[in-house]
Amino acid sequence: MKNINPTSTDAWNVLTEHFKDVKNLNLREAFSQNSNRAEELTLTEGDFLVDLSKNLITKETQQKLIDLAKECELDAAIHSYFNGEKINATENRAVLHTALRTQDTSSKVGEKVTAALASKEKMFAFVDAVNDGKITAANGQKFDTIVNIGIGGSDLGPVMIYEALQAYKNEMTLHFVSNVEGDHVEEVIKKINPETTLFVIVSKSFGTQETLTNSTTIRNWFSKKVNDHAIAQHFIAVSSNVQRAVDFGIDQENIFPMFDWVGGRFSLWSTVGMSVALGIGTQNFQDLLEGAHEMDEHFKNTTFEKNIPVQLGLLTIWYNNFYKAQSEAVIPYTQYLHRLPAYLQQAIMESNGKSVDRNGNPVNYETGNIVWGEPGTNSQHAFFQLIHQGTKLIPAHFIAFAKAKYHHPDHHNKLMANFFAQTEALMNGKNQDEVIKDLQSSGKSEEEINKLAPFKVFTGNKPTTTILIDELTPRSLGKLVAMYEHKIFVEGVIWNIYSYDQWGVELGKILADRILNDIENSESDAHDASTTQLLQKFYSINN
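Fair warning: this is a prediction, and the values are worked out from it, not measured in the lab.

Peer 1: Which parts of the structure should I look at to understand the UniProt feature "active site" (unreviewed entry) in the protein?
Peer 2: Under the UniProt annotation, the feature "active site" (unreviewed entry) is placed at Glu350, His381 and Lys509. Their sequence span is 160 residues, while the largest C-alpha to C-alpha distance among them is 37.0 Å; these annotated residues do not converge on one region. Among the annotated residues just listed, those that line the largest pocket are Glu350 and Lys509. Within the secondary structure, His381 is located in the loop between β9 (370-372) and α16 (384-389). Of the residues examined, His381 reaches a relative accessible area of 71% and is grouped as exposed. Along the chain, Lys509 falls in helix α21 (residues 506-520).

Written out as structure tokens, the structure reads:
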């Protein structure tokens, strides 16, 4: 990929001038002046409808953003991405999570696809054998519980997918242990029967501090409750470090590979999804992969004008770099997706939270934005006040499924009414004349109206993107997650940053190891005054 500073492009300069002309765009007026606005700014891809019309853009804005993408050579970057070039240059790696969800072994990354298919075949055979009762616990009973032990991408992705597909779960009960906090481990193990539980340890290095600590604690507990000899039948590993996993007590046949060309936060499609596959079955997991592949093909082959991830990424650039919006809300109108915002926080902020460009120079423009959210309608009773009447511009993604999983039309109609109403309210707001008219209709006196009116005005013009999907299925979920993955890629290319390393995670780990040594030896001298004071307080409470 070429390293192009976006602010040095002609397109960026054109957008800067264009922003001066449209920064006060009024969405109400835009719709009244163009009866085709909704149609012109809506994208479709199979069961997905993405309505961009309530955003602070015009068709001209959209075209100028596309010009920026072209000048930054996004098309060539997409080609490099899918063809396995080492676009993660600081780690000298390809970025090929897309190879995990295709069957095409004839492409330039065919060798990687073949390896992924073989890995999936081994995982599926194991999952089917466990779910069919052919692989059993040490006592001969069928496993009924899975505990996934991992952190970061080995936890957030699998948790999000499993929670989202509760309507597709089998009789297995899944638990996830991630935090190194001992209390977290205790709260999980007190819920499970060790004699019918399968433990899945997910760690590429088999040395991640949190995962190894939790795994060791759980193994020791298991040995006391059952015995050492049963470990090999109750513990499996997803790891690249076979020897460490074997030394831990895991049968080599039950170690499933990870690939260095798949980043942790994009690995749920691989054997990292073992626990998910055990919980929803291999066919549903395959459907998840096929949905993601469908979005891959859309992203790879669709013109920028109609390309959903491209358009979503360009909107983030528009708001982040021109409107100076610091955050983006993701609001799914389904409780099934309650873990999606947390998953996207890692996927987006760990990827694009960079301040150095691909040339190694400090950037002189804004990059990654803050991502947050919560399911509707709960969120309406939490942070919507800030979005409606606060002082910050917060572009928001509203996600909903037209068809519910269960037949409760009264519930679903009310949910969807709120979904549609909120984006309309955020766009239209409520001006002073409308507020006064409503207060008059409610019988308020002139004095009361004058007192209350300022507080009931909503300026509106708050930008939203509506993503309406036919139904939540494994396939549509795969498609949705892949859509966000490619949106991340688009933003990273245009910002001229490396989206697939995460050096910012490392410093804290190194310091934590040093402080752990201090804690174990009750030392606190080699730190700043604040940290020293905190350590001494910790020692005084625990000694």
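Peer 1: Where do I start with the sheet that holds strand β1 (residues 42-45) in this structure?
Peer 2: One key point about sheets: their strands pair by backbone hydrogen bonds, in either a parallel or an antiparallel sense. Across the sheet, which stays open at both edges, the six strands sit in the order β1-β2-β11-β10-β8-β9 with mixed pairing between neighbours. On the outer flanks of this sheet lie β1 and β9, each paired with one strand and no other. Sheet twist, expressed as the average angle between the axes of neighbouring strands with direction ignored, equals 15 degrees. With four bridges connecting them, β1 and strand β2 (residues 48-51) associate as antiparallel partners. For Thr42, the partnering residue across the bridge sits in β2 and is Asp51.

Peer 1: Please explain the pattern of salt bridges as it appears in this structure.
Peer 2: Oppositely charged side chains can form a pair if their charged atoms are brought close together. For the coordinates displayed, the defined rule picks out 22 salt bridges. Put simply, Lys2 and Glu73 hold a salt bridge, and the shortest N to O gap is 3.3 Å. Of this pair, Lys2 sits in the segment before α1 (10-22) while Glu73 is found in the loop between α4 (59-71) and α5 (74-82), placing the two residues 71 residues apart along the sequence. Overall, the relative accessible area of 53% leaves Lys2 in the exposed class. Residue class for Glu73 comes out partly exposed when judged on its relative accessible area of 27%. With a closest N to O distance of 2.8 Å, Glu187 and Lys190 form a salt bridge. One network of salt bridges, in which partners are shared, links Glu45, Asp47, Glu290, Glu294, Arg475 and Lys479.

Peer 1: Help me understand empty space enclosed by the protein in this model?
Peer 2: Empty space among the atoms becomes visible once a probe the size of a water molecule is rolled across them. Summed over the entire model, instances satisfying the criterion amount to six cavities of 30 Å³ or more. In this model, the largest cavity occupies a volume close to 70 Å³. Considering the residues around the largest cavity, the lining is formed by Leu100, Ala116, Ser119, Lys120, Met123, Phe259, Trp269, Ser270, Thr271, Phe285 and Leu289. Elements that contribute at least two residues to the lining of the largest cavity include exactly α6 (110-131) and α13 (282-301). Partitioned by chemical class, the residues of the lining of the largest cavity number seven nonpolar, three polar and one charged. Of the volumes computed, that of the second largest cavity is approximately 60 Å³. Every residue lining the second largest cavity is counted, 13 residues in all, and those nearest its centre are Asn55, Tyr319, Pro395, His397 and Thr465.

Peer 1: Help me understand a negative patch on the surface, please; the structure alone is not making it clear to me.
Peer 2: A contiguous patch of negative charge on the surface is contributed by Asp10, Asp67, Glu71 and Glu305. With respect to the helices and strands, the residue Glu305 is situated in the loop between α13 and α14 (308-322).

Peer 1: I would appreciate a short explanation of the sheet that holds strand β5 (residues 197-202) in the present structure.
Peer 2: Ordered in space as β4-β3-β5-β6-β7, the five strands form an open sheet in which the pairing is parallel. Each edge of the sheet is formed by a strand with only one pairing partner; in this case those strands are β4 (173-177) and β7 (255-256). Bridging between strand β3 (residues 145-149) and β5 involves five bridges; their strand directions are parallel. Considered in β5, the bridge of Asn148 is made with Val200. Strands β3, β4, β5 and β6 (235-238) of the sheet are contacted by helix α9 (residues 209-225), whose axis makes an angle of about 155 degrees with β5.

Peer 1: Please clarify how the layout of surface pockets should be interpreted in this entry.
Peer 2: Put simply, the largest pocket is a space of about 980 Å³. Lining of the largest pocket is provided by 37 residues; of these, Thr208, Gly264, Gln502, Glu506 and Lys509 occupy positions nearest its centre. Where the lining of the largest pocket is concerned, the elements lending two or more residues are α9, α15 (340-352) and α21. By residue number, the principal contributor to the lining of the largest pocket is α21, which donates four residues. Along the lines of polarity and charge, the residues of the lining of the largest pocket split into 12 nonpolar, 14 polar and 11 charged. If you count residues domain by domain, the lining of the largest pocket takes at least three from each of domain 2 (97-286) and domain 4 (506-542). What the second largest pocket holds in volume is close to 410 Å³.

Peer 1: Would you take a moment to explain unusual backbone geometry for this structure?
Peer 2: It is generally the case that most residues other than glycine have a negative phi and that most peptide bonds are trans. The omega angle of the peptide bond from Gly376 to Thr377 is 10 degrees, so this bond is cis rather than trans. Structurally, Thr377 can be placed in the loop between β9 and α16. The residue Asn92 is not glycine, and still its phi comes out positive at about 55 degrees. One can find Asn92 in the loop between α5 and α6. At Lys324, a position not held by glycine, the phi torsion is positive, near 60 degrees. Take Lys324: it is sitting in the loop between α14 and β8 (327-332).

Basis of the calculations
Residues numbered from 1 in each chain as written. Predicted model: local features only at pLDDT ≥ 70, side-chain atom pairs only at ≥ 80, totals over all residues. Heavy atoms only, no water. UniProt positions renumbered as here; feature names shortened; annotations may be inferred. 1 Å grid on protein atoms, 1.4 Å probe; cavity = no way out; pocket = protein on both sides within 12 Å on 5 of 7 lines; lining within 4 Å. Helix = DSSP H or I, 4+ residues; strand = E, 2+ residues; numbered from the N terminus. Buried < 20%, exposed > 50% of the residue type's maximum accessible area, 1.4 Å probe, protein only. Pairing = 2+ DSSP bridges. Axes fitted to C-alpha atoms, helices over the stretch in contact; angles between N-to-C directions. Salt bridge = Lys/Arg side-chain N within 4 Å of Asp/Glu carboxyl O. Points joined across faces, edges and corners; volume = space filled by probe spheres on them. Nonpolar A, V, L, I, M, F, W, Y, C, P; charged D, E, K, R; others polar. Patch = residues over 30% accessible without salt bridge, like charges linked within 9 Å, V, L, I, M, F, W, Y side chains within 5 Å. Areas by Shrake-Rupley, 256 points an atom, 1.4 Å probe, with all protein chains shown as cover. Lys, Arg positive; Asp, Glu negative; His and termini not counted. Charge placed at Lys NZ, Arg CZ, Asp CG, Glu CD. Contact = heavy atoms within 4.5 Å. Domains from an automatic or database assignment.

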